[in-house]
Amino acid sequence: MTLTNINIPRLQLEGMTKIYPAVIANESIDMTIAPGEIHAVLGENGAGKSTLMKMIYGVIKPDRGRILWNGEPVDITNPAHARKLGIGMVFQHFSLFETLSVAENISLAMEDYGSLDDLSRRISEVSEEYGLPLDPGRMVHSLSVGIRQRVEILRCLLQQPKLLIMDEPTSVLTPQAVRKMFATLRRLAAEGCSILYISHKLDEIMELCHSATIIRGGKVTGYAVCAEESAASLARMMIGRELPTCSRKRPDVEGQECLRVNRLCKIAADQFGTSLERVSFSVYSGEIVGLAGISGNGQQELLYALSGERPVADRGAITIDGESVGHLNAAQRRELGLGFVPEERLGRGAVPGMSLSDNGILTAHRHGMVRKGLLDFGRAKRFAQKCVTDFTVKCGSVDDLITSLSGGNIQKFITGREILQQPKLLIVSQPTWGVDIGAANIIRQAMIDLRNNGSAVLVVSEELDELFEICDRLLVIARGRVSPSVKVEKTSKEEIGLWMSGMFPGGPVDTNKARELQSEGCCVD
Amino acid sequence: MRDAVLIKIEPRPEPSRVMRYCSPLLAALLMLISGLIIFTLLGKNPVEAFHAFFVEPINDFYGLGELCIKASPLMLIGTGLAVGFRASIWNIGAEGQLAIGALCGGAVAVYFNQSSSGFILPAMISAGAVGGMLWASIPALLRTKFNANEILVSLMLNYVAILLLAMLVHGPLRDPDGYGFPQSVLFGESATLPIMIEGTRLHVGVLLSLAGVVAGWVFLEKSFTGYQIRVAGGAGRAATYAGFEYNRLIWIGLLAGGLAAGVAGVMEIAGPIGQLLPSVSPGYGYAAIIVAFVGRLHPGGIFLASLLMALLYLGGESGQMNLDLPSAVTGIFQGLLLFYLLAADFLVNYRIRTKSSQQEGN
């Protein structure tokens, strides 16, 4: 680490305060980042990290406080201004235009990029250099969440920033790619670029960051030098108490095959989607199977086929308890005991304009909430109330609009709604995405309990830590193909990481070629 | 993005729920003010005009009866349309469905003209209901089979229906003893809706409409299918996620509008008109669209909105008679009402901000 001008901090925040009508998002936050420093901002969901970052990036104006950039007070009026100063930001929620191509999107943030062709070439170069392969000509609407994040990262890197803000960047990368990105970040830091790294993954922060600012409830609760702390001590500062853990106790449950996917093929709906190629796997009652993979490798297509939102022609390609269900719609499959938590919460897993109680009816109506065609709203309310209590959903009442809740709380509610119905087969996509640590543990524990009670659970997640924590067996999806399954205790994150690049028996990347590449030190992705 | 833009429209983070329900009232008020300004510009005394337009038509029993019989088809059709609108199924074809309903019901009345059976009225209403639904099933079929836009199909079918009605009234349904006038025979007592209050034209069809509004309320607010309709209209992908069959909801949405419009058509010819004419509706099918939106797609609101809209019809007639106003005046008021409602709704959901040339532009 070479620190230039060590006496003048790259960025200094003094008393940053942002007050919203209902809540103080940030209260008198001070923070200092030196040139070349990798500084973590640690906090649970809703702690105020994003608000703080948006103030630095000029998206929102602070109510009070001062920003010093290289020692000079600045009033950052908008993101373009921030970029001009040399601040780049990779958002957690993406700020891309769906109807434009990757190159066009990036061009919007660039002052002077020559022609679009030049820019496309540069995008390809930089993306190769940093191991984030990307086709500049693709339309953003056709990209998966993971690839979109890649676009955001590249957009920043192209501007050679002096300060790079990264908001939860690793959730969509393989362990190998994470390591590669860490190397990239370290290199950037060595070149003098400061990095603000927002995350809730403690081990990543321990590995990458030099120092950390911990925020809870909009206030700074501590500063830490990472080398002097442990993950547990950081967690304590972050959530204010000991880190809750899942019960690891998991008896072997004898189970029959519950979900069977048999040579499922599905041509992608659009040219940029991923076609599923002869996907076969099973999930037994009493086990949790994890499906790992970088997003955009066919997870969405597979989940649409499994949930019944897009039935398949071959009815025998999917069976639940031996019954062919490929042609059935979502409601018919739910009658057979399916529960499903989709990746998108609002607009798919929940209806934005409705209350919590009404959103409970969406899938739980078949549990005695409909009598003679009429809804029993009392019962629906009690169900929603139970969901709120059991899964610690923070809300005023079950009559509140679901949109008044934070993303994590919506996720808790939807997951709770599905789990409380005691499904025989539960399929969950990204169960704890954006959920704080305490709540994530509640959700994981609930899935484990469901398994122990004899349900089959399939978890699709990009977070390997999570999969290794809760699953019995793992599968990997890459380019529309699903790997053979492997027991969690017989594999490692490294192996799963390789499989995520397509290098598994029968996978899309030829194993011999893969070995060659590996020996050359390349990462196939 | 950052230089010339001085006016910016942005969604409000949390649209006020109260304002959502106030916007119809605000729209009505603004309509009134604009109307009075127009009267003044036309050289009328605004107070007099207001009186002639909004008070005179309903200052006696007869007038109130007229208000109810005008509001009756509007509330019935508005409720039927709301079923579809809530699912984002835009049935613009109520005017045509009304005409076909009147045609079918009228055909029954003409065919059984000599009969005095008590079954004739129910048969007429059933025929009208079926006719309206059949007409609405054309856009439903085309939408569900070929994904044809139901707005265009239902709208264009209006012209077909109205011309079909005119053709048949000029032809087979014409009164043979009517000196060649394009109208059917006058319906007998058994084919006419009984009058409820002596001295008015208030017929029992109004009760039927009220019953329709109540049934619509139960269906939309309390039934599981009504819930599915709300989900489909609010978030189509959530409906797929839950496994609600969207095609079924499209059918229900369009048929409900057709049913209501068809019955309303029969009640027009069996009520105030008393025979089949080439034209049986002063645009109720279109006005009901406004009624449905002013009433917030809620049957209670639709009931109130239908009274307001009926008053505009009566006021327009009274204005023509007493103030020498042109017949377009009713349409002007309807248009103003819808315009202000849309504007108010827009401002409830969005805000306009004028800002200096450099500010956020992410």
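Residues numbered from 1 in each chain as written. Chains lettered and ligands numbered in written order. Predicted model: local features only at pLDDT ≥ 70, side-chain atom pairs only at ≥ 80, totals over all residues.

For the rest of this paragraph, the subject is unusual backbone geometry. One non-glycine residue, A:Gln430, lies in positive phi territory at about 50°. You will see that B:Ser88, though not glycine, has its phi angle at about 60°, which is positive. Along the polypeptide, B:Ser88 turns up in the loop between helix H3 (61–86) and helix H4 (94–111). The exposure class of B:Ser88 is partly exposed, given the 14 C-beta atoms found within 10 Å. (Helix = DSSP H or I, 4+ residues; strand = E, 2+ residues; numbered from the N terminus. Buried ≥ 20, exposed ≤ 12 C-beta atoms within 10 Å, placed from the backbone.)

Residue and element names in this part refer to chain B. Between helix H12 (residues 299–323) and helix H13 (residues 329–349), the shortest axis-to-axis distance is 8 Å and the interhelical angle comes to 145°. Helix-helix and strand crossings are classified by hand; for H12 and H13 the assignment is right-handed. Listed contacts from H13 to Leu312, Tyr313, Gly316 and Gly319 of H12 are Val329, Thr330, Phe333 and Gln334. (Axes fitted to C-alpha atoms, helices over the stretch in contact; angles between N-to-C directions. Left-handed = near helix turned anticlockwise from the far one by under 90°. Contact = placed C-beta atoms within 7 Å.)

Let us look at the domain arrangement of chain A. Residues and elements named next belong to chain A. If you check the domain split of chain A, you get domain 1 (11–239), domain 2 (257–337 + 423–519) and domain 3 (355–417). The centre of domain 1, based on its C-alpha atoms, is set 31 Å off from the matching centre of domain 2. Contact with domain 1, which involves 17 residues of that partner, is made by 19 residues of domain 2. Contributions of two or more residues to the side of domain 1 that touches domain 2 are made by helix H5 (145–157) and helix H6 (175–190). Top element by residues in the side of domain 1 that touches domain 2 is H5. It accounts for three residues. Its residues assigned to classes, the side of domain 1 that touches domain 2 comprises seven nonpolar, eight polar and two charged. (Domains from an automatic or database assignment. Nonpolar A, V, L, I, M, F, W, Y, C, P; charged D, E, K, R; others polar.)

Turning our attention to the interface of chain B and chain A. If you look at the interface, chain B gives 21 residues, while chain A gives 30 residues. Breaking the side of chain B that touches chain A down by element, the ones donating at least two residues are helix H8 (224–234) and helix H9 (236–242) of chain B. Partitioned by chemical class, the residues of the side of chain B that touches chain A number eight nonpolar, nine polar and four charged.

Our next topic: the sheet that holds strand S11 (residues 257–266) of chain A. Within a sheet, neighbouring strands are paired by backbone hydrogen bonds and run either parallel or antiparallel to one another. Residue and element names in this part refer to chain A. On the basis of which strands lie adjacent, the open sheet formed by four strands has the order S12-S11-S14-S15 and antiparallel pairing. In the strand order of this sheet, the two ends are held by strand S12 (276–284) and strand S15 (323–324), each with one partner. Sheet topology note: the S11/S12 ladder contains six bridges and is antiparallel. Counted as the bridge partner of Val261 is Phe281 from S12. (Pairing = 2+ DSSP bridges.)

What follows covers the sheet that holds strand S4 (residues 64–69) of chain A. Residue and element names in this part refer to chain A. Here four strands make up an open sheet; going across it, the order is S2-S1-S4-S5 and the pairing antiparallel. The sheet terminates laterally at strand S2 (24–33) and strand S5 (72–74), the two strands that pair on one side only. Direction aside, the axes of adjacent strands within the sheet are offset by 25° on average. By the bridge criterion, six bridges tie strand S1 (residues 11–19) to S2 in an arrangement that is antiparallel. Of the residues in S2, the one forming a bridge with Leu11 is Ile33.

It is worth spelling out helix H1 (residues 49–56) of chain A at this point. An α-helical segment advances 3.6 residues per turn. Residues three or four places apart therefore align on the same side. Residues and elements named next belong to chain A. Burial within H1 is extensive, with eight of its eight residues counted as buried. Those residues of H1 lying buried are Lys49, Ser50, Thr51, Leu52, Met53, Lys54, Met55 and Ile56. Just past H1, the residue Gly58 takes up positive phi, approximately 80°.

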